[in-house]
Amino acid sequence: MKHEIGWKEKAKRAAAKEAVKRVEDGFVLGLGSGSTAAYAIREIGKRIREEKLKVWAVPTSYQALLLATENHIPLTTLYEHPEIDLTIDGADQIDAELNMIKGGGGALTREKIVASASKKVIIVADETKLVKKLGVNNCPVPVEVLPFAVSYVAREIEKLGGKPVLRKSESKVGPTVTDNGNFVIDAYFGSIETPDKLRAELKSVSGVIENGLFIHIADIVILGGKEGIREIKKTSI
Ligand code: 5RP
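Overview of the structure. Nothing here was measured: the structure is a model prediction, and the numbers come from that model.

1. Re the layout of surface pockets
Then, number 1: Counted as a void, the largest pocket has a volume near 410 Å³.
Then, number 2: The residue inventory of the lining of the largest pocket, partitioned by class, reads 4 nonpolar, 13 polar and 7 charged.
Then, number 3: Domain assignment of the residues forming the lining of the largest pocket places at least three in each of domain 1 (2–130 + 216–227) and domain 2 (141–209).
Then, number 4: For the second largest pocket, the calculated volume is near 270 Å³.
Then, number 5: Broken down by secondary-structure element, the contributors of at least two residues to the lining of the second largest pocket are strand 2 (56–59), helix 3 (62–70) and helix 4 (108–116).
Then, number 6: In the lining of the second largest pocket, the residues fall into 8 nonpolar, 4 polar and 1 charged.

Structure, rendered in structure tokens:
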């Protein structure tokens, strides 16, 4: 029996495909992480094969690096290209201001660096990622933490009103270890009223490498839904 893919996967793929249309010859690209960004990476590979598109890419994780290699996407580094033309990435939640929670896949630090180094950032997701307020539906803010500091950071997160949960690895015992050799604390704050303030507060805790609040980073959000795709700009919600 043929396996039917659900609307969400189709929607994610359609959003990714639309974003990849904006890739131009000669671009240095940031490759995001997660299942939606993976559709974009495969689509970039397709354009390279079919159109002889010339691009170089900086991956944001080992997942992105391996997938880019499989798809014969030439790789480069931030050392060589500290300025990136376009990054395409996914998100866990997106609000009306195009602020986001990212890091469900634990790649938040490199994702934030690569996005910050980019002239343009396009976020691709299915429409269920769009929320009125970040943090609703029990969505945590991932915080990458130096292992040495994990208990101290957990206590500081509590002082900020969050419930810290050390992320466990799924197929290895013990904590998740990021591509940078750190731990991830998922910090549950509930609905976040002032995301930029919380971003700055988390950032200022010693031992915190980075947090998953991405504020004023996305330029365009392309959402896939049952009825097709739509592009969101700050004023159109
Ligand atoms: C990884 C991320 C991902 O972009 C985010 O978790 C969304 O993933 P998906 O597209 O699989 O829902 O931030 O750190």
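2. Observations regarding the packing of aromatic side chains
Then, number 1: Across all of its chains, the model carries 0 aromatic pairs by this definition.
Then, number 2: Against the face of F214 rests K112, its NZ or CZ located 5.1 Å from the ring centre.
Then, number 3: The residue whose ring lies beneath K163 is Y188, and the NZ or CZ to ring-centre distance is 5.9 Å.

3. Some remarks on the site of the ligand
Then, number 1: In the vicinity of the ligand there are 16 residues, among which S33, S35, T36, D92 and K129 approach most closely.
Then, number 2: Between the ligand and S33 there is a distance of 2.8 Å, counted from an oxygen atom to a backbone nitrogen or oxygen.
Then, number 3: Separating an oxygen atom of the ligand from a backbone N or O atom of G103 is a distance of 2.8 Å.
Then, number 4: Its atoms largely coinciding with the cavity grid, the ligand occupies the largest pocket.

4. Some remarks on the sheet that holds strand 10 (residues 208–211)
Two modes of strand pairing occur in sheets, parallel and antiparallel, and in both the strands are linked by backbone hydrogen bonds.
Then, number 1: If you walk across this open sheet you meet the 4 strands as 8-9-7-10, and the pairing is antiparallel. Two strands lie at the open edges of the sheet, namely strand 8 (163–166) and strand 10, each paired on one side alone. Ignoring which end each strand starts from, the neighbouring axes of this sheet average 30° apart.
Then, number 2: Sheet topology note: the strand 8/strand 9 (residues 183–188) ladder contains 4 bridges and is antiparallel. By the bridge assignment for strand 9, V165 is matched with D186.
Then, number 3: Taken strand by strand, helix 4 contacts strand 7 (141–145) and strand 10, and its axis lies near 65° from that of strand 10.
Then, number 4: Packing against the sheet, helix 6 (residues 195–203) makes contact with strand 7 and strand 10, and its axis sits at approximately 165° to strand 10.

The rules behind the values
Residues numbered from 1 in each chain as written. Predicted model: local features only at pLDDT ≥ 70, side-chain atom pairs only at ≥ 80, totals over all residues. Heavy atoms only, no water. 1 Å grid on protein atoms, 1.4 Å probe; cavity = no way out; pocket = protein on both sides within 12 Å on 5 of 7 lines; lining within 4 Å. Points joined across faces, edges and corners; volume = space filled by probe spheres on them. Nonpolar A, V, L, I, M, F, W, Y, C, P; charged D, E, K, R; others polar. Domains from an automatic or database assignment. Helix = DSSP H or I, 4+ residues; strand = E, 2+ residues; numbered from the N terminus. Phe/Tyr/Trp six-rings, centres within 6.5 Å; stacked < 30°, edge-to-face > 60°. Lys NZ or Arg CZ within 6 Å of the ring centre and 35° of its normal. Near = heavy atom within 4 Å. Polar contact = N/O pair within 3.5 Å; in protein donor to acceptor, adjacent residues only side chain to side chain. Sits in = over half its atoms within 2 Å of the grid points. Pairing = 2+ DSSP bridges. Axes fitted to C-alpha atoms, helices over the stretch in contact; angles between N-to-C directions. Contact = heavy atoms within 4.5 Å.

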